Amino acid sequence: MENERLDKIISNVTGISRNELKKAAKQGRITLNGNTVNDLSQKADTENDTVTLDGEVINIKKHIYIMLNKPEGVISSTDDKTCRTVIDLIPDGLYRKGLFPAGRLDKDTTGFVLITDDGEFAHNILSPKKHVGKTYIVGLSVPVNKNGIALLENGLTLDDGTVFKPAEITALDGDNRMFRVVIFEGKYHQIKRMFDAVGSEVISLKRIKIGGLSLDKTLEEGCCRVITNEELKLINS
Ligand code: URA
(Lines give C-alpha, C1' and ligand atoms only; values in the text may rest on other atoms or scores of the structure.)
Protein backbone atom coordinates (compact mmCIF):
# COMPACT_ATOMS: atom_id res chain seq x y z
CA MET A 1 0.00 0.00 0.00
CA GLU A 2 1.22 3.47 -0.89
CA ASN A 3 -1.01 5.92 1.03
CA GLU A 4 -0.62 9.61 0.25
CA ARG A 5 -2.72 12.77 0.32
CA LEU A 6 -5.02 13.05 -2.69
CA ASP A 7 -3.93 16.58 -3.63
CA LYS A 8 -0.28 15.47 -3.66
CA ILE A 9 -1.03 12.34 -5.70
CA ILE A 10 -3.16 14.08 -8.34
CA SER A 11 -0.89 17.08 -8.61
CA ASN A 12 2.18 14.84 -9.03
CA VAL A 13 0.75 12.84 -11.90
CA THR A 14 -1.20 15.56 -13.71
CA GLY A 15 0.90 18.65 -13.02
CA ILE A 16 -2.30 20.49 -11.96
CA SER A 17 -1.62 22.84 -9.03
CA ARG A 18 -3.05 22.04 -5.61
CA ASN A 19 -5.08 25.29 -5.72
CA GLU A 20 -6.70 24.30 -9.01
CA LEU A 21 -7.46 20.88 -7.54
CA LYS A 22 -9.08 22.48 -4.48
CA LYS A 23 -11.41 24.40 -6.80
CA ALA A 24 -12.16 21.22 -8.77
CA ALA A 25 -12.99 19.38 -5.53
CA LYS A 26 -15.34 22.18 -4.43
CA GLN A 27 -17.12 21.85 -7.77
CA GLY A 28 -17.54 18.11 -7.16
CA ARG A 29 -15.30 17.11 -10.10
CA ILE A 30 -13.07 14.66 -8.24
CA THR A 31 -14.05 11.17 -7.07
CA LEU A 32 -12.29 8.49 -5.04
CA ASN A 33 -13.61 4.96 -5.58
CA GLY A 34 -16.87 6.38 -6.91
CA ASN A 35 -17.47 8.90 -4.09
CA THR A 36 -17.19 12.64 -4.61
CA VAL A 37 -14.22 14.04 -2.69
CA ASN A 38 -14.49 17.34 -0.83
CA ASP A 39 -11.39 17.09 1.30
CA LEU A 40 -8.17 16.56 -0.65
CA SER A 41 -6.12 15.99 2.50
CA GLN A 42 -7.82 12.58 2.53
CA LYS A 43 -5.36 9.77 1.79
CA ALA A 44 -5.60 7.30 -1.06
CA ASP A 45 -3.83 4.05 -1.90
CA THR A 46 -1.97 4.75 -5.16
CA GLU A 47 -1.79 1.08 -6.10
CA ASN A 48 -5.42 0.07 -5.56
CA ASP A 49 -7.73 3.10 -5.42
CA THR A 50 -9.50 4.68 -8.40
CA VAL A 51 -9.54 8.44 -8.78
CA THR A 52 -11.39 10.40 -11.44
CA LEU A 53 -11.26 14.04 -12.49
CA ASP A 54 -14.12 15.28 -14.64
CA GLY A 55 -15.20 11.68 -15.13
CA GLU A 56 -11.81 10.52 -16.51
CA VAL A 57 -9.84 7.91 -14.56
CA ILE A 58 -6.41 9.24 -13.57
CA ASN A 59 -3.62 6.69 -13.33
CA ILE A 60 -2.36 7.41 -9.80
CA LYS A 61 0.06 4.49 -9.49
CA LYS A 62 3.48 5.53 -8.22
CA HIS A 63 4.99 4.60 -11.56
CA ILE A 64 3.54 3.98 -14.98
CA TYR A 65 4.76 1.53 -17.65
CA ILE A 66 3.47 2.05 -21.18
CA MET A 67 3.79 -0.18 -24.25
CA LEU A 68 4.04 1.85 -27.46
CA ASN A 69 4.08 0.49 -31.02
CA LYS A 70 6.45 3.03 -32.56
CA PRO A 71 5.92 3.93 -36.21
CA GLU A 72 8.73 4.92 -38.58
CA GLY A 73 9.74 8.59 -38.52
CA VAL A 74 9.26 9.08 -34.78
CA ILE A 75 12.28 9.58 -32.57
CA SER A 76 12.94 7.91 -29.22
CA SER A 77 13.59 10.96 -27.11
CA THR A 78 11.60 13.12 -24.75
CA ASP A 79 11.50 16.27 -26.85
CA ASP A 80 12.69 17.57 -30.17
CA LYS A 81 12.23 20.86 -32.02
CA THR A 82 11.41 19.41 -35.41
CA CYS A 83 10.50 15.74 -35.10
CA ARG A 84 7.62 13.91 -33.45
CA THR A 85 8.85 11.99 -30.40
CA VAL A 86 7.56 8.85 -28.71
CA ILE A 87 6.38 11.07 -25.84
CA ASP A 88 4.24 13.09 -28.27
CA LEU A 89 2.33 9.86 -28.98
CA ILE A 90 1.22 9.41 -25.35
CA PRO A 91 -2.46 10.43 -25.00
CA ASP A 92 -3.44 12.97 -22.32
CA GLY A 93 -5.02 10.28 -20.13
CA LEU A 94 -1.68 8.46 -19.76
CA TYR A 95 0.68 11.42 -19.88
CA ARG A 96 2.50 12.45 -16.71
CA LYS A 97 5.66 14.36 -15.83
CA GLY A 98 8.97 12.51 -16.08
CA LEU A 99 8.07 9.99 -18.80
CA PHE A 100 10.96 8.75 -20.95
CA PRO A 101 11.65 5.80 -23.27
CA ALA A 102 13.50 2.95 -21.53
CA GLY A 103 15.82 2.23 -24.46
CA ARG A 104 15.89 3.85 -27.85
CA LEU A 105 14.91 2.66 -31.29
CA ASP A 106 16.28 4.39 -34.39
CA LYS A 107 13.99 6.77 -36.26
CA ASP A 108 13.39 4.15 -38.99
CA THR A 109 12.90 1.22 -36.56
CA THR A 110 9.35 0.25 -35.59
CA GLY A 111 7.81 -1.67 -32.71
CA PHE A 112 7.93 -2.00 -28.95
CA VAL A 113 9.13 1.00 -26.97
CA LEU A 114 8.60 0.89 -23.22
CA ILE A 115 7.88 4.30 -21.75
CA THR A 116 8.00 4.86 -18.02
CA ASP A 117 8.76 7.32 -15.24
CA ASP A 118 10.61 4.66 -13.21
CA GLY A 119 14.35 5.22 -13.57
CA GLU A 120 15.39 2.20 -11.54
CA PHE A 121 13.22 -0.14 -13.57
CA ALA A 122 14.59 1.30 -16.81
CA HIS A 123 18.15 0.85 -15.61
CA ASN A 124 17.42 -2.79 -14.79
CA ILE A 125 16.02 -3.67 -18.19
CA LEU A 126 18.79 -1.83 -20.05
CA SER A 127 21.80 -3.04 -18.08
CA PRO A 128 23.57 -5.86 -19.98
CA LYS A 129 24.28 -7.39 -16.55
CA LYS A 130 20.55 -8.08 -16.10
CA HIS A 131 20.47 -10.07 -19.34
CA VAL A 132 17.02 -8.85 -20.48
CA GLY A 133 16.76 -9.89 -24.14
CA LYS A 134 15.40 -7.53 -26.81
CA THR A 135 13.89 -9.42 -29.75
CA TYR A 136 13.82 -7.97 -33.27
CA ILE A 137 12.57 -9.05 -36.67
CA VAL A 138 15.29 -8.11 -39.13
CA GLY A 139 14.91 -7.84 -42.91
CA LEU A 140 18.12 -7.83 -44.97
CA SER A 141 19.18 -6.58 -48.40
CA VAL A 142 21.23 -9.70 -49.19
CA PRO A 143 21.34 -13.13 -47.50
CA VAL A 144 23.81 -13.89 -44.72
CA ASN A 145 25.64 -17.20 -44.98
CA LYS A 146 26.25 -19.78 -42.25
CA ASN A 147 29.65 -18.31 -41.34
CA GLY A 148 28.09 -14.87 -40.87
CA ILE A 149 25.36 -16.29 -38.66
CA ALA A 150 27.94 -18.18 -36.57
CA LEU A 151 29.91 -14.95 -36.07
CA LEU A 152 26.83 -13.14 -34.78
CA GLU A 153 25.93 -16.09 -32.55
CA ASN A 154 29.39 -16.24 -31.02
CA GLY A 155 29.88 -12.49 -30.63
CA LEU A 156 32.20 -10.31 -32.68
CA THR A 157 34.58 -7.37 -32.46
CA LEU A 158 34.42 -4.60 -35.06
CA ASP A 159 37.54 -2.96 -36.54
CA ASP A 160 36.90 0.08 -34.31
CA GLY A 161 37.10 -2.19 -31.24
CA THR A 162 33.34 -2.33 -30.50
CA VAL A 163 32.46 -5.72 -29.03
CA PHE A 164 29.04 -7.26 -29.65
CA LYS A 165 28.15 -10.04 -27.24
CA PRO A 166 26.66 -13.30 -28.57
CA ALA A 167 23.16 -12.91 -30.03
CA GLU A 168 20.43 -15.50 -30.66
CA ILE A 169 19.77 -15.75 -34.40
CA THR A 170 16.89 -17.66 -36.01
CA ALA A 171 16.28 -17.66 -39.76
CA LEU A 172 12.62 -17.01 -40.59
CA ASP A 173 12.78 -17.70 -44.33
CA GLY A 174 14.48 -20.11 -46.71
CA ASP A 175 16.98 -17.67 -48.20
CA ASN A 176 18.42 -16.14 -45.00
CA ARG A 177 17.16 -12.61 -45.50
CA MET A 178 14.72 -12.50 -42.60
CA PHE A 179 15.80 -13.27 -39.04
CA ARG A 180 14.58 -13.18 -35.47
CA VAL A 181 17.45 -11.74 -33.45
CA VAL A 182 17.71 -11.48 -29.66
CA ILE A 183 20.36 -9.17 -28.21
CA PHE A 184 21.16 -8.61 -24.54
CA GLU A 185 22.71 -5.16 -24.78
CA GLY A 186 21.72 -1.98 -26.61
CA LYS A 187 24.67 -0.38 -28.35
CA TYR A 188 24.19 2.44 -30.88
CA HIS A 189 22.71 1.04 -34.15
CA GLN A 190 23.63 -2.39 -32.81
CA ILE A 191 21.66 -4.68 -35.13
CA LYS A 192 22.50 -2.61 -38.20
CA ARG A 193 26.20 -2.67 -37.34
CA MET A 194 26.12 -6.41 -36.54
CA PHE A 195 24.71 -7.28 -39.96
CA ASP A 196 26.93 -4.74 -41.70
CA ALA A 197 29.90 -6.59 -40.18
CA VAL A 198 28.79 -9.81 -41.91
CA GLY A 199 28.18 -8.15 -45.29
CA SER A 200 24.47 -7.32 -45.32
CA GLU A 201 22.33 -4.25 -44.87
CA VAL A 202 19.29 -4.06 -42.59
CA ILE A 203 16.34 -2.82 -44.65
CA SER A 204 13.60 -3.34 -42.06
CA LEU A 205 13.78 -3.57 -38.30
CA LYS A 206 11.02 -4.10 -35.76
CA ARG A 207 11.31 -4.78 -32.04
CA ILE A 208 8.69 -7.32 -31.02
CA LYS A 209 9.64 -8.30 -27.47
CA ILE A 210 11.38 -7.02 -24.34
CA GLY A 211 12.39 -9.85 -21.99
CA GLY A 212 9.41 -12.22 -22.00
CA LEU A 213 6.84 -9.54 -22.88
CA SER A 214 5.70 -9.43 -26.51
CA LEU A 215 4.39 -6.36 -28.28
CA ASP A 216 0.57 -6.58 -28.21
CA LYS A 217 -0.42 -7.61 -31.74
CA THR A 218 -3.66 -5.65 -31.48
CA LEU A 219 -1.78 -2.41 -30.83
CA GLU A 220 -1.65 -0.44 -34.06
CA GLU A 221 1.41 1.61 -34.99
CA GLY A 222 1.39 4.91 -33.11
CA CYS A 223 -0.83 3.49 -30.36
CA CYS A 224 0.01 2.67 -26.76
CA ARG A 225 -1.48 1.19 -23.62
CA VAL A 226 -0.60 0.59 -19.98
CA ILE A 227 1.38 -2.56 -19.22
CA THR A 228 -0.40 -4.61 -16.52
CA ASN A 229 1.34 -5.78 -13.34
CA GLU A 230 1.25 -9.38 -14.62
CA GLU A 231 2.84 -8.36 -17.93
CA LEU A 232 5.50 -6.37 -16.12
CA LYS A 233 6.68 -9.53 -14.37
CA LEU A 234 7.22 -11.17 -17.79
CA ILE A 235 9.89 -8.62 -18.69
CA ASN A 236 12.42 -10.10 -16.30
CA SER A 237 11.39 -13.71 -16.88
N1 URA B 1 19.59 -1.91 -33.46
C2 URA B 1 19.60 -0.96 -34.41
O3 URA B 1 20.47 -0.94 -35.27
N4 URA B 1 18.62 -0.04 -34.40
C5 URA B 1 17.62 -0.04 -33.49
O6 URA B 1 16.74 0.80 -33.55
C7 URA B 1 17.62 -1.05 -32.51
C8 URA B 1 18.62 -1.98 -32.52
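Fair warning: this is a prediction, and the values are worked out from it, not measured in the lab. (Residues numbered from 1 in each chain as written. Predicted model: local features only at pLDDT ≥ 70, side-chain atom pairs only at ≥ 80, totals over all residues. Heavy atoms only, no water.)

## Remarks on unusual backbone geometry
Logical step 1: In the Ramachandran plot, Asn-176 falls in the positive-phi region, its phi being about 55 degrees despite a non-glycine side chain.
Logical step 2: As for its position among the elements, Asn-176 is in the loop between strand S13 (168–171) and strand S14 (178–183).
Logical step 3: Even without being a glycine, His-189 presents a positive backbone phi close to 50 degrees.
Logical step 4: Topologically, His-189 is positioned in the loop between S14 and helix H5 (190–197).
Logical step 5: When its relative accessible area of 28% is taken as the criterion, His-189 is described as partly exposed. (Helix = DSSP H or I, 4+ residues; strand = E, 2+ residues; numbered from the N terminus. Buried < 20%, exposed > 50% of the residue type's maximum accessible area, 1.4 Å probe, protein only.)

## Here we look at the domain arrangement of the protein
Logical step 1: For the protein, the assigned domains are domain 1 (3–58), domain 2 (65–128 + 212–235) and domain 3 (133–210).
Logical step 2: Of note, the centres of domain 1 and domain 3, computed from C-alpha atoms alone, are 48 Å apart. (Domains from an automatic or database assignment.)

## Focus on the site of the ligand
Logical step 1: The local shell around the ligand consists of Leu-105, Asp-106, Thr-109, Tyr-136, His-189, Gln-190, Ile-191, Lys-192 and Leu-205.
Logical step 2: At 3.4 Å from an oxygen atom of the ligand is found a main-chain nitrogen or oxygen belonging to Gln-190.
Logical step 3: Residue Ile-191 places a main-chain N or O atom 3.1 Å away from a nitrogen atom belonging to the ligand.
Logical step 4: Here the ligand has 230 Å² of accessible area as a free molecule, and 96% of this is covered by the chains.
Logical step 5: Of the residues forming the shell around the ligand, the biggest block, 3 residues, is contributed by H5.
Logical step 6: Partitioned by chemical class, the residues of the shell around the ligand number 4 nonpolar, 3 polar and 2 charged.
Logical step 7: Counting residues domain by domain, the shell around the ligand receives three or more from each of domain 2 (65–128 + 212–235) and domain 3 (133–210). (Near = heavy atom within 4 Å. Polar contact = N/O pair within 3.5 Å; in protein donor to acceptor, adjacent residues only side chain to side chain. Areas by Shrake-Rupley, 256 points an atom, 1.4 Å probe, with all protein chains shown as cover. Nonpolar A, V, L, I, M, F, W, Y, C, P; charged D, E, K, R; others polar.)

## A look at the packing of aromatic side chains
Logical step 1: By the definition in use, this model includes 2 aromatic pairs.
Logical step 2: Seen from their ring centres, Tyr-65 and Phe-121 are 4.9 Å apart, and the 65 degrees between their planes marks the pair as edge-to-face. On the criterion of sequence distance, the pair formed by Tyr-65 in strand S7 (residues 65–70) and Phe-121 in helix H3 (residues 119–126) is long-range, its members being 56 residues apart. Accessibility classification places Tyr-65 together with Phe-121 in one group, the buried group.
Logical step 3: With 6.0 Å between their ring centres and 35 degrees between their planes, Phe-179 and Phe-195 make a pair best called tilted. Placement of Phe-179 in strand S14 and of Phe-195 in helix H5 is noted, with a sequence separation of 16 residues between them. You'll find Phe-179 and Phe-195 in the same group, each marked buried. (Phe/Tyr/Trp six-rings, centres within 6.5 Å; stacked < 30°, edge-to-face > 60°.)

## Focus: the sheet that holds strand S3 (residues 35–36)
Either a parallel or an antiparallel arrangement is found when strands of a sheet pair, and the pairing is made through backbone hydrogen bonds.
Logical step 1: With antiparallel pairing, 4 strands are arranged side by side in an open sheet as S3-S2-S5-S6. A strand with exactly one partner marks an edge of an open sheet, and here the two such strands are S3 and strand S6 (56–58).
Logical step 2: Helix H1 (residues 6–14) rests against strand S2 (30–32), strand S5 (51–53) and S6 of the sheet, and its axis sits at about 95 degrees to S6. (Pairing = 2+ DSSP bridges. Contact = heavy atoms within 4.5 Å. Axes fitted to C-alpha atoms, helices over the stretch in contact; angles between N-to-C directions.)

## Quick word on the pattern of salt bridges
Logical step 1: Applying the stated rule across the entire model yields 12 salt bridges.
Logical step 2: Between Glu-4 and Lys-8 there is a salt bridge, and its shortest N-O distance comes to 2.8 Å.
Logical step 3: Given the relative accessible area of 26%, Glu-4 is considered partly exposed.
Logical step 4: Exposure remark for Lys-8: the relative accessible area of 33% places this residue in the partly exposed category. (Salt bridge = Lys/Arg side-chain N within 4 Å of Asp/Glu carboxyl O.)

## Topic: the nonpolar core
Here is a general trend for soluble globular proteins: nonpolar side chains tend to be buried in one another's company.
Logical step 1: Counting residues in each nonpolar core, the largest one holds 34 residues, and the members touching the most others are Ile-66, Ile-115, Val-138, Phe-179, Val-181, Ile-191 and Phe-195.
Logical step 2: Contributions of two or more residues to this core are made by S7, strand S9 (110–116), strand S10 (134–140), helix H4 (146–154), S14, H5 and strand S15 (202–210).
Logical step 3: For this core, the two domains that each supply at least three residues are domain 2 (65–128 + 212–235) and domain 3 (133–210).
Logical step 4: Other than its neighbours up to four places away in sequence, Ile-66 contacts Ile-90, Leu-94, Leu-99, Val-113, Leu-114, Ile-115, Cys-224, Arg-225, Val-226 and Ile-227. (Core = buried A, V, L, I, M, F, W, Y, C linked by side-chain atoms within 4.5 Å.)

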